[in-house]
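Single-letter residue listing:
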Amino acid sequence: MPPCLCLPSPTLLFSTRHRFRLRKPPHASSQISLDSPLCNQISKSKTTGVIVIGGGLAGLAAANRLQADNIPFLLLEASDAVGGRVRSDLVDGYILDRGFQIFITGYPEARKILDYDSLDLRKFYSGAQVYYGGRFHTVADPLRHFADSLQSLTNPIGTVVDKLLIGLTRLNVLTQGDDEILNAEEVSTIDLLKKIGFSDAILERFFRPFFGGIFFDRELETTSRLFNFIFKCLALGDNTIPAKGIAAIPEQLAAKFSANSILFNTRVVSIDSESNSSSMITVKLQNGEILQSEFGVILAVEEPEAVKLLAGEKTVEVRQPVRSTVCLYFSADQDKVPIQDPVLLLNGSGKGIINNMFFATNVAPSYAPAGKALVSVTLVGLYGDVPDEDLVDRVMKELSGWFGESVVGSWSYLRLYRIGFAQPNQCTPTNLKKNPKIKPGLYICGDYVTSATFDGALVSGKKAAETLLQDRVMVNV
């Protein structure tokens, strides 16, 4: 059935600190008719309340905030599903997340907006195994795996002092509020770690592959604000993946909305307003059709696309280099999995192209058919000059050096994902509390507006919606 947008009654009530009345747009109909000859498209020159462009985490969070206060919205998504970069594919019975993505349960906004129980989150071991000197060494969270941490005190991944410094760093971030962390004086992450006093051994063998895999930044030039925020979230929560794939997170948010409020395969090509003082925003679709928003437009696409759509507006250019990654998947028989623990494996050798990997089915068996295992391997960078086939061969050869050719040779290649824009570049100087308002009626959100995390996307979406609501207050009841 073609989707439609149902608008509520003429008087809309919403809550912030007070209750206000928001007037219905004078030209908005109670329903947008979609009788266009082209499926899943809107008739020309229709007006609605709020238009949200982009169905990633930020756009979904914005829509969720609007819906909570009964504000009419239409979410336009260019692809065939919600999620943006947070997507999963089902390939021959295997769940393949589009890139290495781990969900940290300690994210503060995520705790408020998501139902963790329904996501059926599966936990990683709290720590990592680091490949160095031809074998794996354990780095363990002493509060969750005390015995393991004692045994690892003297391993070559760092000194005893390094392990004590990790504990002190943890205590330091736990005593700070999130806003304090995100507004603190900043340096690069690598400079912060050196200032704390970590040895070169643990910097090269643990911090570069671990946080380099989180930031997709092996040089650790990313702001110390983001490091401290993530370090705090790691201390407060678990690393997890949903049993049904990372896409379960955006799908849970979208399930709250009426099917009529989301249009898929609907690409926006331009955004315009009558003047800088007018809040009536016009959105043009790729098929030539036009929508107008009386309350405002929330632009929730990734940063490079936002810059294109905001051409002519006062926006900052995309900082280079953007963070890119390659993720490769392999299938294996269960008896050909050399490690059975649900643990992240890091390359601390300083050699090769692999940054990190894990056996996804050790964490969530649902990621593969019965009797099978799924192997996920992550590279930092795009390797754009290396053909897929050559990249697969290099990765297989490197893995054979870790686990043996007889083991890795039995694995089968499934798929490779090259993600050109995996994250925005958040090197110093940063502003992780950007104003989402571009001009009257036009707002932006996304991880580039706040922090380059799942939580940052959710926070920015909520903040964009709340800023729009505050701007559209007409009468204080």
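Computed from a predicted structure; not experimentally measured.

Caption draft 1: Local environment of the packing of helix α8 (residues 200–215) against helix α9 (residues 224–236). Here α8 crosses α9 at 100 degrees, and the two axes come no closer than 12 Å. With respect to their mutual orientation, α8 and α9 come out roughly perpendicular. Within the contact between the two elements, α8 uses Phe207, Phe210, Phe211, Ile214 and Phe215 and α9 uses Leu226, Phe227, Ile230, Phe231 and Leu234. Of the residues assigned to the contact of α8 with α9, the class counts are 10 nonpolar, no polar and no charged.

Caption draft 2: Layout of unusual backbone geometry. The omega torsion of the bond from Gln320 to Pro321 falls at -5 degrees, within 30 degrees of zero and hence cis. Residue Pro429 is bonded to the preceding Thr428 through a cis peptide linkage, with omega at -5 degrees. With respect to the helices and strands, Pro429 occurs in the loop between β22 (412–423) and β23 (437–439). The backbone of Asp92 shows a phi angle near 55 degrees, a positive value even though the residue is not glycine. The phi angle at Asp120 is positive, at roughly 50 degrees, despite the residue not being glycine. Within the element layout of this structure, Asp120 appears in the loop between α3 (116–119) and β10 (121–123). Note on Asp120: relative accessible area 33%, which makes it partly exposed.

Caption draft 3: Inspection of the environment of Lys462 at higher detail. Position of Lys462 among the secondary structure elements: in helix α15 (residues 454–471). With 17 residues separating them in the primary sequence, Lys462 and Cys445 have C-alpha atoms 8.5 Å apart. At 3.2 Å, the side chain of Lys462 forms a polar contact with the side chain of Glu109.

Caption draft 4: Structural view of the confidence of the model for the protein chain. The pLDDT averaged across the protein chain works out to 89; a share of 88% of its residues lies at or above 70. Below pLDDT 50 for its whole length, residues 1–44 participates in 115 contacts with residues either more than four positions away or in separate chains.

Caption draft 5: Geometry of the side chain of Thr240. Structurally, Thr240 can be placed in strand β13 (residues 239–242). Ignoring anything within four residues of it in the chain, the contact list for Thr240 reads Ile102, Phe103, Thr105, Leu121, Arg122, Lys123 and Phe124.

Rules and cut-offs
Residues numbered from 1 in each chain as written. Predicted model: local features only at pLDDT ≥ 70, side-chain atom pairs only at ≥ 80, totals over all residues. Heavy atoms only, no water. Axes fitted to C-alpha atoms, helices over the stretch in contact; angles between N-to-C directions. Helix = DSSP H or I, 4+ residues; strand = E, 2+ residues; numbered from the N terminus. Parallel < 35°, antiparallel > 145°, perpendicular 65-115°, else oblique. Contact = heavy atoms within 4.5 Å. Nonpolar A, V, L, I, M, F, W, Y, C, P; charged D, E, K, R; others polar. Buried < 20%, exposed > 50% of the residue type's maximum accessible area, 1.4 Å probe, protein only. Polar contact = N/O pair within 3.5 Å; in protein donor to acceptor, adjacent residues only side chain to side chain. pLDDT = per-residue confidence, 0-100.

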